Each structure stands twice: as structure tokens, then as C-alpha cells.
Amino acid sequence: MAVEIIMPKLGVDMQEGEIIEWKKQEGDVVNEGDVILEMMSDKTSMELEAEESGVLIKIVRGNGEVVPVTEVIGYIGAEGETVDVAAAASPAPAAAPVQEAAPAPVAPVAAEVKPAVAPQGGGKVRATPAARKAAKDLGLDLGSVPGTGANGRVHKVDVEDFKNAQPKATPLARKMAADNGIDLAAIAGTGHSGKVTKEDILAHLAAQAPAQTEAAAKTAEKPAKELPEGVEIIKMSAMRKAISKGMVNSYLTAPTFTLNYDIDMTNLMALRKQILEPIMNKTGLKVTFTDLIGLAVTRTLMKEEHRYMNASLINDAQEIELHKFVNLGIAVGLDEGLVVPVVHGADKMSLSDFVVASKDVIKKAQSGKLKGAEMSGSTFSITNLGMFGTKTFNPIINQPNSAILGVASTVQTPVVVDGEVKIRPIMALCLTIDHRIIDGMNGAKFMVDLKNLLENPLELLI
């Protein structure tokens, strides 16, 4: 029996993914674990692996298409097997219900909604990985959950609905409502105990059809807007949409201000020169100033007096979550946009460990190989624009962190040392903090300790 390939939901906020390139073509043999396609999820491209072995018998959604999460994008089956995509697919897009024969596009789905019973012979229940995890977390028997996917496959939403179905609705009605953007709470169910049925959904769609048809007609009457010469309109990529959403959310959520400090890099530059070869011999990697700054930030965050710098607001900003560990996010700029891979457990690392871990996630970010877990869970973030000659800037906090450190350029600057004017390499640091959690004095104390550590960096090796 053919197994559907779905667009995975790889993050809490992920609503859709873009197919960049299919790595396998129809008719190709696929083994479990093989990379079958490259996709764009939230802020990075990722590879999707096959969950079953067989033959890629059908590609439903092609390269460049943006697909809602959990929607079927292809099928893996036995050689020579075929699949009726029209019968197995979800109902037609929202435009379909406005036609007079409303039941037609959705009727085939009824034959596809089946209880998620294990096949004879002890086979596995057909379910997505997210559904299996949800069932385990909720203590449910996955085999008792009705699946709304193709061939009765269980999705995470099926598990959640089975546990707390409010309002009551049949699986098919629930799926039809979701596919057509209908709020089940707005429909009076005619089934047993007020349960919403397929017929209730169809009746609701029929009632909406005249208004939708009229709106569509008005839209069609409007001529296409002519663009002035020299103007081009392009579609915003999935990555840019995610960045846009995240930045707006952070900017409008947290009242922030930025503290700027100058750091004398003389001793840190000398230390890096001394340890460059030993670190290279041990790890095969070159230690960078970002590595040294990142480790210094981590060490400073672990001091008890700076615990609010390493915190998050939770429960509608009514509680503060304090972290007794550091997961350090490091912003990486790509041609397509900005991603923030995370070095998990940075507080437990030596300098050599940190160099290896940071290079690993940065390399994955640059090659589009980051996994969802490697982009989540940060407790503090740093962003470095120094290589571009940036003198100062106001970095935007990577929510739900309470602060972010911006690293600007290092400039040879005349300074007074012991009553004499000397030329020293001075680096600018810019700390943006969430004023809901951190006051200016606390931010300044953090920066003083960080400055002292960077200007006297031998402690990093202890």
C-alpha cells in the first residue's frame, strides 16, 4: 500500500514549507532514511528523509511550490503501484466550495477517512512522527485515533482532537472545516449530541457560496494594475516571511534600549595569536574572535548576578523563566536572509569544545543543513557585523531571549593609557536588553564584567 509523504511541521509556528528541489524523481528506488527533497522551513532550508523504503511512485507538489504543513506532497509504494491522487488528496482549494455542486469536491474524501488500526500481521499504525509523539505524551493508544490523512494516516491534529475535541465534530467534518478555513464553533451541529457532521459543513459552504461568488466576480472585474517602468514585484520567500514575522513580533513586544561599550582588544588579540596553532592542532579548526567573545559571554552569563540576562518571559509575560545553562544563539547572515543556529550547552564547554560546536552549526547554517532543534532553545544571542566595518548598531532581540549582544568593528584608536596617548585596537559592543526584565543598571553591570573578561582573557582558558 502506498505511503504518503507529507510536508512536515518542524516548529510551533510553522504553517507552510516551500519545496526547493526533489532529490528523487518518480520511479526512483527510495530506501528509508534517503534524502528525497530539499525544503525551506521557517528560516532555513532542510532535507526531508524517507520514512519508508520503496519506489517514489508519485510527486504531487513540485519544485517551488509552497505547501501547508501536513499536506501530502508525494507517495512511496511498490514498483508498478499507482495511486489515485484525486481520491486520496485533500478537498479542493477554497475556491471549489463556491461552485453550485458543493458536495462534489469533498465527497471522495469520505472514502479515505479510516480508523488508524494496525494492519493485519502486527504492522505499524499509519501515523506521522509528530502524531506518534503526541499520542505518547498524552498516553493515548494511537490505534484508536481516527486518521484524517490519506489512507487513514494519523496526523498530530487527529491525536489532539481525539483527546480534547471541542467542539464535537466527526473527523471528516473537522478536516473539511480546516481545509476551508471554517471555525467549527460557528456551526450548529446536527449530529448526535450536537456533533458537527459533513452535511453541516456542506450546508455552511453552500450558504457562503453566493457571497464568495459575488466577491470573486468583483475581483475579476478589476483590471491588472500596471506597474511603472523600472518597477518589479517579486514574491517574498518563506525565509523572508519568517524573518519579517519574527522581527515585527520582537520589535512590538519588547521595550528595549541599547548599551554601547568600547573594548580594548590588545590582550584578546595576543591570546588568539598564542592559541591559534594549538587549537588548530587539536580540532583542525581556526579559533575566531566570535568564538572567544561567545565563550566570554557564556562565562559572564553564568554568574548568579546576571541570571536575568539569561532569562525569558513566559505565560503572557507574567512569569520569568531563569536558565541555569547557556544555549548561545549565533546569528549567521546568508544571501537569502538571517538564521540563528544555537550552540546548546555552551556553559559546559572548554574553548576547544566551543570552537568545534560553533563551527558545526555555522557550517550547517551556511549549507542549509540545519535541523529544527539546532535553531531553537537559545537563551541568549550574539550577532557580529564587525567584518563589514559597522561602528555601532541596535540589534533586535531574538525572542524569547531577554537580550542580544551586537559585535561591531575593531578600529585602531588613540586612547589614554597611564597618562600617555597610545594607539589601541578598540572594538564596540552593543547590548540590547528587554526593559521588562532588565534595568539599565543590571545591563551595565553585565557589560562591565564582560569587558573585564575580554580585556583580561586568560580566565577563558581556566
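This one's a predicted model, so the numbers in the text were calculated from it and none came from an experiment.

What counts, and where the lines are drawn
- Residues numbered from 1 in each chain as written.
- Predicted model: local features only at pLDDT ≥ 70, side-chain atom pairs only at ≥ 80, totals over all residues.
- Heavy atoms only, no water.
- Axes fitted to C-alpha atoms, helices over the stretch in contact; angles between N-to-C directions.
- Helix = DSSP H or I, 4+ residues; strand = E, 2+ residues; numbered from the N terminus.
- Parallel < 35°, antiparallel > 145°, perpendicular 65-115°, else oblique.
- Left-handed = near helix turned anticlockwise from the far one by under 90°.
- Contact = heavy atoms within 4.5 Å.
- Pairing = 2+ DSSP bridges.
- Buried < 20%, exposed > 50% of the residue type's maximum accessible area, 1.4 Å probe, protein only.
- Polar contact = N/O pair within 3.5 Å; in protein donor to acceptor, adjacent residues only side chain to side chain.
- pLDDT = per-residue confidence, 0-100.
- Salt bridge = Lys/Arg side-chain N within 4 Å of Asp/Glu carboxyl O.
- Arc of directions from axis to C-beta.
- Core = buried A, V, L, I, M, F, W, Y, C linked by side-chain atoms within 4.5 Å.

Asks: Please set out the packing of helix α9 (residues 289-301) against helix α10 (residues 351-367) residue by residue, giving values where relevant.
Replies: At their nearest, the axes of α9 and α10 sit 10 Å apart, and the two run at 115 degrees to each other. In this view, α9 runs roughly perpendicular relative to α10, as classed from their interaxial angle. Viewed along their axes, α9 and α10 form a crossing whose handedness is right-handed. Counting all contacts with α9, which are made through Asp 291, Leu 292, Gly 294, Leu 295 and Thr 298, the residues of α10 involved are Leu 351, Phe 354, Val 355, Ser 358 and Lys 359.

Asks: Tell me what's going on with the sheet that holds strand β17 (residues 342-343), and back it up with residues and numbers.
Replies: Read across the sheet, six strands follow the order β11-β20-β19-β18-β14-β17 without closing on themselves; strand pairing throughout is mixed. Strands with a single pairing partner mark the edges of an open sheet, and in this sheet they are β11 (256-264) and β17. As judged from the two bridges shared by strand β14 (residues 328-330) and β17, these two strands associate in the antiparallel manner. Directly across from Leu 328, in β17, lies its bridge partner Val 343.

Asks: Lay out the side chain of Ser 312 in plain terms, naming residues and giving numbers.
Replies: When you line up the elements, Ser 312 lands in strand β12 (residues 311-314). Note on Ser 312: relative accessible area 2%, which makes it buried. At a separation of 3.0 Å, a polar atom in the side chain of Ser 312 contacts the main-chain carbonyl oxygen of Pro 400. Apart from the residues lying within four places of it in its own chain, the contact partners of Ser 312 are Glu 319, Ile 320, Glu 321, His 323, Pro 400, Asn 401 and Ile 437.

Asks: Can you break down the confidence of the model for the protein residue by residue, with the values?
Replies: When pLDDT is averaged along the protein, the result is 82; 83% of the residues meet or exceed 70. When pLDDT is averaged over each helix and strand of the protein, the minimum, 38, is found for helix α2 (residues 103-110) and the maximum, 97, for α9. This model gives residues 90-123 a pLDDT under 50, and the stretch forms 57 contacts once residues within four places in sequence are excluded.

Asks: For the environment of Asn 63, give the residues involved together with the corresponding values.
Replies: Structurally, the position occupied by Asn 63 is in the loop between β6 (54-59) and β7 (66-68). Taking relative accessible area as the criterion, Asn 63 reaches 47% and is therefore assigned partly exposed. Along the backbone, Asn 63 and Glu 21 are 42 residues apart, and their C-alpha atoms lie at a distance of 5.1 Å. Ignoring anything within four residues of it in the chain, the contact list for Asn 63 reads Ile 19, Ile 20, Glu 21 and Trp 22. From its side chain, Asn 63 meets the backbone nitrogen of Trp 22 in a polar contact 2.9 Å long.

Asks: Please give an account of the environment of Lys 24 that cites residues and values.
Replies: Checked against the element boundaries, Lys 24 lands in the loop between β2 (16-22) and β3 (29-30). Between the C-alpha atom of Lys 24 and that of Leu 37, which follows or precedes it by 13 residues, the distance is 6.9 Å. Sequence-distant contacts of Lys 24, defined by excluding residues within four places in its chain, comprise Val 29, Val 30, Asp 34, Val 35, Ile 36, Leu 56 and Ile 59.

Asks: Quick one: what's the story with the pattern of salt bridges, residue by residue and with numbers?
Replies: All told, the structure shown has 13 salt bridges when counted by the stated rule. Between Arg 61 and Glu 65 there is a salt bridge; the shortest N-O distance is 2.6 Å. Of the residues examined, Glu 65 reaches a relative accessible area of 29% and is grouped as partly exposed. Between Lys 364 and Glu 374 there is a salt bridge, with the nearest N and O atoms lying 2.7 Å from each other.

Asks: Which residues make up the pairing of strand β19 (residues 403-417), and what are the values?
Replies: When strand β18 (residues 380-384) meets β19, the two strands line up parallel, connected through four bridges. Paired with Ser 381 across the strands is Ile 404, a residue of β19. As defined by bridge partners, β19 adjoins strand β20 (residues 420-434) across 13 bridges and the pair is classed as antiparallel. Bridge pairing links Val 417 to Glu 420 in β20. Where β19 folds back onto β20 in an antiparallel hairpin, the turn is made up of two residues, including Asp 418, whose phi is positive at roughly 55 degrees.

Asks: How would you explain helix α3 (residues 129-138) if you had to name every residue and give the values?
Replies: Along α3, the residues that are buried comprise Ala 131, Ala 134 and Ala 135. Seen along its axis, α3 keeps its buried residues to an arc of 100 degrees; they face one direction. Looking at α3, the residues exposed on the side facing more than 90 degrees away from the buried face are Lys 133, Lys 136 and Asp 137.

Asks: Requested: an account of the pairing of β18, with residues and values cited.
Replies: Of all the five residues making up β18, four are buried; the element is thus mostly covered by neighbouring parts of the structure. In this sheet, β18 lies alongside β14 in parallel orientation, the contact comprising three bridges. Considered in β18, the bridge of Gly 329 is made with Ser 381.

Asks: Pulling in residues and values, what's your account of the nonpolar core?
Replies: Core analysis: the largest hydrophobic core is formed by 53 residues, its most contacted members being Phe 380, Leu 405 and Leu 431. For this core, the element with the highest residue contribution is α10, accounting for seven residues. Ignoring any residue separated from it by four or fewer positions in sequence, one finds Leu 431 in contact with Phe 257, Thr 258, Leu 259, Met 309, Phe 380, Ala 403, Ile 404, Leu 405, Gly 443, Phe 446 and Met 447. Membership of the second largest hydrophobic core comes to 15 residues, among which are Ile 5, Met 7, Val 67 and Ile 73.

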